[in-house]
Structure formats: structure tokens, C-alpha cells
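The primary structure of each chain is shown beneath.
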Amino acid sequence: MMTLPRALLAALLLLGGTFSAQAEWPETTVRWIVPFGPGGANDLVARVAAEAVSKQIGKPVVIENKPGAGAVIGTDYVAKSRPDGYTFLIGAGGVVVNSLLSKKLPYADSDLVPVGMIAVSPSIIAINPSVPATDLKSFVAWAKSRPGGTDWATAGRGTTPHFVAEMLREASGLNLQIVPYKSGGEGVTAVLQNSVPATSEASIVVLPQVRAGNLKAIASTHGKRMSTYPDLATATEQGFPNIRIGHWAGLYAPKGTPQPIIERMNAAIQTAMKSPEVKAKLAASDIETAEGSIEDFARYIADERSRLEVYAKSGGMQQD
């Protein structure tokens, strides 16, 4: 009888153990790390999706909030976690843009791999009701008629409202003065108080104020009209096709996570997010599901990184 070399035997045993572990995954609770505090759009999406996905994989999916440093702390935690299929990241735009803004991140983009898109809260361009504009073109015309242009509230350097401002500046030639606040909520409050005439923020933040008559929505920056607010035209429909960005959420895994596990998690996400119950829960907060394949999500990330790098440079968002 032929005797296998020890090294080969050990490799085969290890390989067999790996296949067995993947076949039995998950054996225990799976963690989704949210790199923001509880209560925001990212956290809300994570909790709705986690509940639905847990039913698909047969084990609990729990949410852990690890906020700080513009999502860097939570992202770094997952990037350095064991790639065993039990720790994932609920990523947002920061996963794409942080490496465009700083060269001193504690992790590399390649330390994380895409698993699947989950949902998107479209960004809404909103103005104070006193501004005599009804759409994006009339807002640009009004702002250009003012000496020095106009102010624009953001949630800080490199945030989605900042990118929207740079997209609008490049598309229209408008002189926009960026007014940074500590959060998107504070930026919206500034527009409500008419301290600043305009901003953009996630639909979950803006639309309740629009419906109450406290703000005017003049454009969505999503790729298509919102099902929960179909009367609002997109920026593309209004002649500004390059103003395109959303507040999205998607799942990432540490590099090295077995591909069969990533595929099974993606399948669970797609099934969960197609559920009428899940769609209804998110629609109540003006959030739209965005399920798709691993490849769909990878292409989306690559496109966002390529597009947004241009605005990060033109807007002076980058730091050494």
C-alpha cells in the first residue's frame, strides 16, 4: 500500500476540514459590524436586512455598532478580523471614498471583498422654502443671479453632500461656498433655519421635512425616481446626468473569506431583500432595496471609486 507523504496528507486533511466547515456554515451567530452609531440610515438598513437574512441562513445575524473616525474604526476592525465567515461589514460610501481622502488609513481597500449590495437611500437636493426655485435648473439660475453665488451645507469634508456640491459646481459652473457641519442632520437643520439655503442629504432625513412643508425637494441624485416619492425628478432627468450618488449600504467580508460562504451570503441577501415585507419596512423610511450579484456590487464599487476620485481632487478633499 502506498504511503502518502506527511506534508501531502496534512494538506489533504486540512483541505477536507475546510470543505466541511464551509458546508456546515454557519454553525453559530454571524456578526454584521456597522461603522456608525445606532439610529442612522446605515444602522436601520442593517437591522432590517439582518433579521431577514438570519431566516435564510438559519442562524442569528447580530448587529454591532463600532462608530468613529468617519467609519474607519469599524471598517478597520472587519478588515483585520478572521476571514471565517462570521464577521462582515455593513459598508457605505466611506468604504469607497476614505482611501481617496487620506493615504494614512490603517487598512487597504484590498483587505475587504464585496459580498452584496443591500439598499440605497437616495440623496435629495433640498432648499429652504424661501428660495424662489422649483427645480434644479431654476435653483442654479437663482444662485447665479446672486453676487458670490450661494452657500451649501455639508456633513463635512468628503461626505455625500460635499460630493453633490462638487458635481453641481462642475456641471453648472455655479459658485458654491461649502459650509461644513458635524453631521447631515445639522446641515439639514441649517437649511430649515435658513442659515444656509441648500444642501443634499439622504431621503430618510430630508423627505419627512419636505412632506411637512419645511423644505423643498428639487432633485434626487439617484439613478431612477423613488417609488415612495415619484413626483421628484432625478438630476439626470433635469439635464445634469453627472450628478449621481446615493447613500447606499452593502456587505463586505475580510479578504480570504471562503468564496462558497460569500456566495451563500449573497444568495441570502438577494432572497431577503426581494421580500415584500423587507421592501415595505425600508420604504416606510424612504429607503429602496438594491439586491444584486457579487459581480454587480463589485462593478458598482469600481464605478463609484473612479467617478468620485475626480471630484475628490477638484474639491480639494484629499489630505496627505
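Residues numbered from 1 in each chain as written. Predicted model: local features only at pLDDT ≥ 70, side-chain atom pairs only at ≥ 80, totals over all residues. Heavy atoms only, no water.

Draft legend 1. Layout of the nonpolar core. L136, F139, W152, F163, L168, I243 and Y252 are the most contacted members of the largest nonpolar core, which totals 48 residues. Every element with two or more residues in this core is listed here: α3 (72-79), α4 (93-101), β4 (112-127), α5 (136-144), α6 (160-172), β8 (216-220), β9 (246-254) and α11 (294-314). When near neighbours in sequence (up to four residues on either side) are disregarded, L136 contacts I125, L168, I218, A219, A235, Q238, F240 and I243. Ranked by size, the runner-up nonpolar core spans 34 residues in total, among them V34, V48, F88 and I269. (Core = buried A, V, L, I, M, F, W, Y, C linked by side-chain atoms within 4.5 Å. Buried < 20%, exposed > 50% of the residue type's maximum accessible area, 1.4 Å probe, protein only. Helix = DSSP H or I, 4+ residues; strand = E, 2+ residues; numbered from the N terminus. Contact = heavy atoms within 4.5 Å.)

Draft legend 2. Representation of the packing of α4 against α11. Look at α4 against α11: their axes get within 9 Å of each other, and the N-to-C directions meet at 40 degrees. In this view, α4 runs oblique relative to α11, as classed from their interaxial angle. Classified by chirality, the crossing of α11 by α4 is right-handed. Every residue of α11 that contacts α4 at V95, V96, V97, S99, L100 and L101 is listed here: I301, E304, R305, L308, E309 and A312. In terms of residue class, the contact of α4 with α11 is made up of eight nonpolar, one polar and three charged. (Axes fitted to C-alpha atoms, helices over the stretch in contact; angles between N-to-C directions. Parallel < 35°, antiparallel > 145°, perpendicular 65-115°, else oblique. Left-handed = near helix turned anticlockwise from the far one by under 90°. Nonpolar A, V, L, I, M, F, W, Y, C, P; charged D, E, K, R; others polar.)

Draft legend 3. Looking closely at the pairing of β9. In terms of burial, β9 is largely enclosed, as eight of its nine residues are buried. Of the strand pairs in this sheet, strand β3 (residues 87-91) and β9 are connected by three bridges, and their pairing is antiparallel. In the sheet register, G91 faces β9, and the bridge partner there is G250. Two strands pair when backbone bridges link them, and β4 and β9 are joined in this way by nine bridges, in the antiparallel orientation. Each bridged residue has a counterpart across the sheet, and for V120 the counterpart in β9 is W248. (Pairing = 2+ DSSP bridges.)

Draft legend 4. Highlighting the packing of helix α2 (residues 41-57) against helix α10 (residues 276-283). It is the contact of α2 with α10, at a shortest axis distance of 10 Å, that shows an interaxial angle of 170 degrees. Considering their axes alone, α2 and α10 lie roughly antiparallel with respect to each other. For the pair α2 and α10, the contacting residues are V45, V48, E51, A52 and K55 in the first and E277, V278, K281 and L282 in the second. By residue class, the composition of the contact of α2 with α10 is five nonpolar, no polar and four charged.

Draft legend 5. Spotlight on the side chain of S172. Within the secondary structure, S172 is located in helix α6. By relative accessible area, which is 11% here, S172 ends up buried. There is a polar contact of 3.2 Å between the side chain of S172 and the backbone nitrogen of L174. (Polar contact = N/O pair within 3.5 Å; in protein donor to acceptor, adjacent residues only side chain to side chain.)

Draft legend 6. The confidence of the model for the protein chain, seen in detail. Residues at a pLDDT of 70 or more form 92% of the protein chain, whose mean pLDDT is 91. The low-confidence segment residues 7-21, where pLDDT is below 50, has two contacts with residues more than four positions distant or belonging to other chains. (pLDDT = per-residue confidence, 0-100.)

Draft legend 7. Region of interest: helix α8 (residues 203-211). For α8, every residue scored as buried is listed here: S203, V206, L207 and V210. The buried side chains of α8 occupy one side of the element, clustering within an arc of 95 degrees when seen end-on. Phi turns positive, to about 85 degrees, at G213, one or two residues after α8. (Arc of directions from axis to C-beta.)

Draft legend 8. Examining the pairing of strand β6 (residues 176-180) more closely. One ladder, built from five bridges, connects strand β5 (residues 150-154) with β6; its direction is parallel. The partner of D151 across the bridge, within β6, is Q177.

Draft legend 9. How the structure looks around the pattern of salt bridges. Per the counting criterion, the structure on display carries 15 salt bridges. A salt bridge links R244 to D303, with the shortest nitrogen-to-oxygen separation between them at 3.6 Å. With a gap of 59 residues between them, R244 in the loop between β8 and β9 and D303 in helix α11 connect regions that are remote in the sequence. The partly exposed category is assigned to R244, whose relative accessible area is 33%. With its nearest N and O atoms 2.6 Å apart, the salt bridge here joins D296 to R299. With D296 and R299 both in helix α11, this residue pair falls three residues apart, about one helical turn. (Salt bridge = Lys/Arg side-chain N within 4 Å of Asp/Glu carboxyl O.)

Draft legend 10. Structural detail: the side chain of Q238. Along the chain, the position of Q238 falls in the loop between β8 and β9. A distance of 3.4 Å separates the side chain of Q238 from the backbone oxygen of A233, its partner in a polar contact. With near-sequence residues (within four places) excluded, Q238 lies in contact with D135, L136, K137, I218, A219 and A233.

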